[in-house]
Protein chains: 2
Amino acid sequence: MKRVAVVGIGQTKFSEHWDKSLRDLSTEAGSLALQDAGIEGKEIQALFIGNMSAGRFIGQEHLSSLATDQSGLLPIPATRCEAACASSALAFRQAYHSILSGQHDIVVAAGAEKMNDIKGESASAALMGAADQEWESAIGLTFVGLYALLTKSHMKNYGTTREQLAMVSVNNHRNGALNEKAQFPAEITIEQVLKSPMIADPLRLLDCSPITDGAAVTILASEEAAKNFERPVWIAGSGQASDTLALHDRKSLTEMLATKVAAKAAYGQAGLRQGDIDIAEVHDCFSINEIFAIEDLGFCKKGEGGKFVEDGKIARGGEKPVNTTGGLKSIGHPVGATGVRQIADLVKQLRGEYGKLQVNGARTGLALNVGGSGATAAVHILRSEL
Amino acid sequence: MKRVAVVGIGQTKFSEHWDKSLRDLSTEAGSLALQDAGIEGKEIQALFIGNMSAGRFIGQEHLSSLATDQSGLLPIPATRCEAACASSALAFRQAYHSILSGQHDIVVAAGAEKMNDIKGESASAALMGAADQEWESAIGLTFVGLYALLTKSHMKNYGTTREQLAMVSVNNHRNGALNEKAQFPAEITIEQVLKSPMIADPLRLLDCSPITDGAAVTILASEEAAKNFERPVWIAGSGQASDTLALHDRKSLTEMLATKVAAKAAYGQAGLRQGDIDIAEVHDCFSINEIFAIEDLGFCKKGEGGKFVEDGKIARGGEKPVNTTGGLKSIGHPVGATGVRQIADLVKQLRGEYGKLQVNGARTGLALNVGGSGATAAVHILRSEL
């Protein structure tokens, strides 16, 4: 199979950007990625952008052409991909496939979301577009409510503790405290998590990723084109899978089946096993989801994720560093941007350029981006050498 | 290059479906496509669905997983593509590229939109998500207003007449009157168009495609897989391009630059010229847009589109039959479904299975799907033999 590399990355600060529009943020991240790659826009042949719900957040669909215009890239083909919070991992995957198809050599995969200045409804209400409208959203469920149900199931079945959940947030904030792009770059303690306001029992405020504005961009190149770039990081595997939107239709409430199927596909394509993964960026929209990820990616047995966290194995110096740059919890979670942000962070780690956050010797990284309460999962495996 | 064929098609009736949900419509069209292809769902390896704005129309994003679940196709990868009214041509193109990439052999490309039972705002307001929110939507422009501006420019520059615009609608309704899937299967006269209510001068009600609910599905197969299907229709070329969302940023108000760029790419890939096209399905969201299409696809010189229509060249028995099955005007325009509906209709014509609407001897067809006021254009060329 052809080889494809990531040759440029860019990210805005994740924050409440009251003074910047979605088009500003997208353009800023795109410019940074072009600078990082050392190329000009005219070399870009297509653009893929992940965005969940700009139609509801800011009244703007059709972001693909808009981002292309604002970035001076017209008239190249531009496509928006959406699968809730997994939108930009899917944009990245389409970008990857478009190069594998032989149709393009150098393309942009971006993600962007502007969530704070929503009008007429709350961001939480808009986010429920990602759940099942007829069976979940319409009766008033929220995402933290859905994840609280999953948390209770996991606690009941496997004895996962409230403290172990808190340790996920503590780990991610410990890393994010050193990330200049993070929305909440501060360390927190287990006690602070346990005393933070209850949102949906048993999940508390500091179990929840925040509402964020931000954008992230990657530039992908074919093997031939990648020869002209320094520091390519290679895509070794890509997997994607779907599950029911509604929780009540799932076969299990203690695993994310889509993650398992997507991971199997990505591991298979890469010819790797979980033991080969040096670092992972996973989707901690709520603390429980990092425990699901650790288990469903095969880092430990089902039900042992809480212990895995408690034993410090996910720490930057641990056995399997997870969310080494802060995760969604500390960096922030502009929903449509997160998937590409995760990949950009992996690239920076695999290049060995992450400064204080660098995980030494990291050669193989995995990113897991999840949509909704697990109805979409996308797994990408990247390697510094292939 | 590898060859990819369309091996199955399905479409719901386009209508006001007050008794069916978006999931019902998607599933119905998908079942019809599987029946048409003669395969079971378990053979489908990935799904791509075009949808413009279900988040605003019905409060439901994340349609990709939902459609996959409702159709019994879990856990395959599923991706929603959006570029306003060009959403499903882009889904079709991603499906095509995913096969070219070697990642899949048999995939679904679908399109669906439910526009009638919108709550809290008008469908016209939701549709303005496809225009430039900051420069157009926010000041109260509507799409018929934007296209009225384009119409005035075309009339002023090229002497295109009010009657010629009416003849576009008359042609499309003449065809659509025989289309059992059409929302408005009735012939209309020039006089009726000219006496219909003014919407945005000079465009009248019968210049405008309607608000519609509906879904359409195609099944694509690699050359190897296509051997197991009867009646494959081959994808000869695919082109896509972007332009500014806002009209005031365009280089010209009398041509659709994105259409020209996309058409050039599709003709180039197919190794064909406009003279080789037997029939075309083009994006007559408003009557003027069919005249733009005829010119920008190269069927006649710039400015002569009105005369081309007046001379009867687009009629089913004419020199270049356009919108032979009714167009958006008569069939209806569920915005995210139209691109795939156009391709499904081409396939039916190229198979020679369109009964009363059959264009005899049609071997090569072109579909043009346009997003917004021309910010996205996608052109696909299909052939009965390659």
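Residues numbered from 1 in each chain as written. Chains lettered and ligands numbered in written order. Predicted model: local features only at pLDDT ≥ 70, side-chain atom pairs only at ≥ 80, totals over all residues. Heavy atoms only, no water.

Asker: Hey, could you run me through the interface of chain B and chain A in this one?
Answerer: One frequent convention defines the size of an interface as the accessible area lost when the parts assemble. Between chain B and chain A, the contact holds 59 residues from the first and 59 residues from the second. Counting the contacts that link chain B with chain A gives six salt bridges. A:E134 is the salt-bridge partner of B:R23, the closest N and O atoms lying 3.5 Å from each other. Our count for the chain B to chain A interface comes out at 38 residue pairs in polar contact (both at pLDDT 80 or more). Its residues assigned to classes, the side of chain B that touches chain A comprises 23 nonpolar, 25 polar and 11 charged. Bridge count between strand 3 (residues 78–82) of chain A and strand 3 (residues 78–82) of chain B: three bridges; the pairing is antiparallel. Across the sheet, A:R80 pairs through a bridge with B:E82, a residue of strand 3 of chain B. (Contact = heavy atoms within 4.5 Å. Salt bridge = Lys/Arg side-chain N within 4 Å of Asp/Glu carboxyl O. Polar contact = N/O pair within 3.5 Å; in protein donor to acceptor, adjacent residues only side chain to side chain. Nonpolar A, V, L, I, M, F, W, Y, C, P; charged D, E, K, R; others polar. Pairing = 2+ DSSP bridges. Helix = DSSP H or I, 4+ residues; strand = E, 2+ residues; numbered from the N terminus.)

Asker: How should I be thinking about the confidence of the model for chain A in this particular structure?
Answerer: Caution applies to low-pLDDT parts of the model: their predicted coordinates are not meant to be read in detail. Per-residue pLDDT for chain A averages 97, and the proportion of residues at 70 or more is 100%. Predicted as a complex, the structure gets a pTM of 0.98 and an ipTM equal to 0.98. (pLDDT = per-residue confidence, 0-100.)

Asker: Would you take a moment to explain the packing of aromatic side chains for this structure?
Answerer: To describe a pair of aromatic rings, one takes the distance between the centres and the angle between the planes. Residues and elements named next belong to chain A. Under the criterion given, the structure shown has two aromatic pairs over all chains. Aromatic side chains Y147 and F286 sit 5.0 Å apart centroid to centroid with 35 degrees between the ring planes, which places their arrangement in the tilted category. Within this pair, whereas Y147 is found in helix 6 (residues 143–158), its partner F286 is found in the loop between strand 9 (279–281) and helix 11 (287–296), the two being separated by 139 residues in sequence. With respect to class, Y147 is no different from F286; both count as buried. (Phe/Tyr/Trp six-rings, centres within 6.5 Å; stacked < 30°, edge-to-face > 60°. Buried < 20%, exposed > 50% of the residue type's maximum accessible area, 1.4 Å probe, protein only.)

Asker: When you look at the relation of the copies chain B and chain A in this model, what are you seeing that I'm missing?
Answerer: Look at the two chain copies: a rotation about an axis and a shift along it is all it takes to match them. The two copies are related by a screw motion: chain B maps onto chain A through a turn of 180 degrees and a shift of 0.0 Å along the axis, at an RMSD of 0.0 Å. Expressed as an axis order, the relation between the two copies is that of a two-fold axis. Closest approach to the rotation axis among the C-alpha atoms of chain B is made by B:S101, whose C-alpha sits 1.8 Å away. By residue overlap, the copies meet face to face through one surface: 100% of the interface positions of chain B are interface positions in chain A. (Least-squares fit on C-alpha atoms with pLDDT ≥ 70 in both.)

Asker: Help me understand the environment of B:W234, please; the structure alone is not making it clear to me.
Answerer: Residues and elements named next belong to chain B. Note on placement: W234 falls in strand 8 (residues 233–242). Separated by 148 residues in the primary sequence, W234 and A86 place their C-alpha atoms 21 Å from one another. Ignoring sequence-local partners within four residues, the contact set of W234 consists of R3, V4, A5, E223, A226, I381, L382, R383, S384, E385 and L386.

Asker: Is there a simple way to explain the domain arrangement of chain A in this structure?
Answerer: Residue and element names in this part refer to chain A. Domain annotation for chain A reports domain 1 (4–119 + 212–233) and domain 2 (131–210 + 237–383). On a C-alpha basis, the centroid separation for the pair domain 1 and domain 2 is 23 Å. Listed by partner, the interface residues are 42 residues for domain 1 and 38 residues for domain 2. Contact between domain 1 and domain 2 buries roughly 3000 Å² in total, counting both sides, with carbon and sulfur atoms accounting for 61%. (Domains from an automatic or database assignment. Buried area = accessible area lost by both parts, 1.4 Å probe.)

Asker: Would you mind going over helix 1 (residues 22–37) of chain B with me for this structure?
Answerer: In an α-helix, one full turn covers 3.6 residues, which means residues spaced three or four apart are oriented alike. Residues and elements named next belong to chain B. In this model, helix 1 (16 residues) spans 23 Å end to end at C-alpha, consistent with the 22 Å of a helix rising 1.5 Å per residue. Taken together, the buried positions of helix 1 are L22, R23, L25, S26, A29, G30, A33, L34, D36 and A37. Within helix 1, the buried residues cover an arc of 165 degrees as seen down the axis, which keeps them to one side. After helix 1 finishes, the residue G38 shows a positive phi value of roughly 75 degrees. (Expected span 1.5 Å × (residues − 1). Arc of directions from axis to C-beta.)

Asker: For this particular structure, what's the right way to read the pairing of strand 7 (residues 214–222) of chain A?
Answerer: Regular strands place side chains that alternate from one sheet face to the opposite one. Residue and element names in this part refer to chain A. Of all the nine residues making up strand 7, nine are buried; the element is thus mostly covered by neighbouring parts of the structure. Burial along strand 7 is two-sided: G214, A216, T218, L220 and S222 facing one way and A215, V217, I219 and A221 facing the other are all buried. Here strand 4 (residues 106–113) runs beside strand 7; their pairing, made up of eight bridges, is antiparallel. Each bridged residue has a counterpart across the sheet, and for V108 the counterpart in strand 7 is I219.

Asker: Where do I start with the packing of helix 6 (residues 143–158) of chain B against helix 11 (residues 287–296) of chain B in this structure?
Answerer: Angle between the axes and distance between the axes are the two parameters that describe a pair of packed helices. All names here are of chain B. The contact between helix 6 and helix 11 brings their axes to 10 Å, and the two run at 55 degrees. The angle between the axes of helix 6 and helix 11 places the two elements in the oblique class. Judged by the sense of rotation from one axis to the other, the crossing of helix 6 with helix 11 is left-handed. Note on element contacts: helix 11 touches helix 6 through I288, N289, I291, F292 and E295, opposite Y147, L150, T151 and H154. Classifying every residue of the contact of helix 6 with helix 11 gives five nonpolar, three polar and one charged. (Axes fitted to C-alpha atoms, helices over the stretch in contact; angles between N-to-C directions. Parallel < 35°, antiparallel > 145°, perpendicular 65-115°, else oblique. Left-handed = near helix turned anticlockwise from the far one by under 90°.)

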